[in-house]
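# Results of the structural survey
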Amino acid sequence: MNGSPSTSTDPGTGPAARRSDTTRGAILAAARERFAADGYERATIRAIAKDARIDPSMVMRYFGSKEGLFVAAVALDLQLPDLAQVPRDEVGRALVQHFLGLWEENEELTAVLRVGATNQAGAERMQGIFRDQLLPVARQVCPDPEQVPTRAALCASQLLGLALTRYVLRLPPTVALGTGEIVAWLAPTVQRYLTAPSP
């Protein structure tokens, strides 16, 4: 023991790693904006690099290609709750509160939604995200397994519709709603979509 201050030898926690995370985050933020504005085909690595104030070679270093960058830019972990642990008559409220928390706290999700709403490749990525993440959650509470895809899609129509009108289009009446009001309005509808008998 020499009494000298300890230094981290973990490459994942040092200053270089933090700079790397910052650079990666700047590239992804610029990419989301550019893909939303220009679409996948017209967005260029050079333009994205310029927006992120880095050299284009850095974009390729981190993501390998425009396709790799696009996939990373529209990756989205919804971190959905385990509805099996929620009282059955509260699942609609739990989902609405969860999604509202995501949209309110993370501007990246709004950027991803804008990408999905403005070009086909983004829409396909969003479809995959909801298929892979929302369907298993809906399957936990839906009364008829065959209706899971339909019921999950109806839930998505409400949750994404809220996000689109409140955070992307920013319709004044939707923006003006308090979070408690939104939950009160949407939760019963999402609850019905998930658990009510088939009409």
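Read on for an overview of the structure. What you are looking at is a predicted structure, and each value in this text was computed from that prediction instead of being measured.

### With respect to unusual backbone geometry
Despite not being glycine, Arg53 shows a phi value in the positive range, around 60 degrees. Structurally, Arg53 can be placed in the loop between α2 (45-52) and α3 (56-63). Despite not being glycine, Arg170 has its phi angle at roughly 55 degrees, a positive value. With a relative accessible area of 47%, Arg170 lands in the partly exposed category.

### Some remarks on the side chain of Thr174
Mapping Thr174 onto the fold places it in helix α9 (residues 172-176). Judged by its relative accessible area of 14%, Thr174 is buried.

### Focus: the environment of Arg93
Note that Arg93 resides in helix α5 (residues 91-105). C-alpha separation for the pair Arg93 and Val175, spaced 82 residues apart in sequence, amounts to 19 Å. Each residue touching Arg93, except ones within four places of it in the same chain, is listed here: Val183 and Ala187.

### Concerning the packing of α5 against helix α6 (residues 107-118)
Contact geometry of α5 with α6 gives a least axis separation of 5 Å together with a crossing angle of 95 degrees. Here α5 is positioned roughly perpendicular relative to α6, judged by the angle of their axes. Across from Leu102, Trp103 and Glu105 in α5, the residues of α6 making contact are Glu107, Leu109, Thr110 and Leu113. Among the residues forming the contact of α5 with α6, the class breakdown is four nonpolar, one polar and two charged.

### Side note on helix α8 (residues 148-168)
The first and last C-alpha atoms of α8 sit 28 Å apart over 21 residues, in line with the 30 Å expected at 1.5 Å per residue. Val148, Arg151, Ala152, Cys155, Ala156, Leu159, Leu162, Ala163, Arg166 and Tyr167 are the residues of α8 that are buried. Buried residues of α8, viewed axially, fall in a sector of 135 degrees; they line one side. Summarising the contacts, the buried residues of α8 are in contact with α5, α6, α7 (120-139), α9 and α10 (179-195).

### Quick notes on the environment of Asp51
Tracing the chain through its elements places Asp51 in helix α2. Taking the C-alpha atoms as reference, Asp51 lies 42 Å from Gln191; in sequence the two are 140 residues apart. Asp51 has contacts with Ala30 and Arg34, leaving out every residue within four places of it along the chain. A polar contact of 2.7 Å, which involves the side chain of Asp51, links it to the side chain of Arg34.

### A few points about the packing of aromatic side chains
Summed over all chains, the structure comprises six aromatic pairs. Here Phe35 and Tyr40 contribute two aromatic rings whose centre-to-centre distance is 5.9 Å and whose plane-to-plane angle is 20 degrees, an arrangement assigned as stacked. Ring plane angle 75 degrees and centroid distance 5.0 Å describe the contact between Tyr40 and Phe70, whose orientation is recorded as edge-to-face. One end of the pair, Tyr40, is in helix α1 (residues 15-42); the other, Phe70, is in helix α4 (residues 66-73), and 30 residues separate them in sequence. Residue Phe70 is classed as buried on the basis of its relative accessible area of 5%. The cationic tip of Lys66 hangs over the ring face of Tyr40; the distance from NZ or CZ to the ring centre is 4.5 Å.

Each value, and the rule that gives it
Residues numbered from 1 in each chain as written. Predicted model: local features only at pLDDT ≥ 70, side-chain atom pairs only at ≥ 80, totals over all residues. Heavy atoms only, no water. Helix = DSSP H or I, 4+ residues; strand = E, 2+ residues; numbered from the N terminus. Buried < 20%, exposed > 50% of the residue type's maximum accessible area, 1.4 Å probe, protein only. Contact = heavy atoms within 4.5 Å. Axes fitted to C-alpha atoms, helices over the stretch in contact; angles between N-to-C directions. Parallel < 35°, antiparallel > 145°, perpendicular 65-115°, else oblique. Nonpolar A, V, L, I, M, F, W, Y, C, P; charged D, E, K, R; others polar. Expected span 1.5 Å × (residues − 1). Arc of directions from axis to C-beta. Polar contact = N/O pair within 3.5 Å; in protein donor to acceptor, adjacent residues only side chain to side chain. Phe/Tyr/Trp six-rings, centres within 6.5 Å; stacked < 30°, edge-to-face > 60°. Lys NZ or Arg CZ within 6 Å of the ring centre and 35° of its normal.

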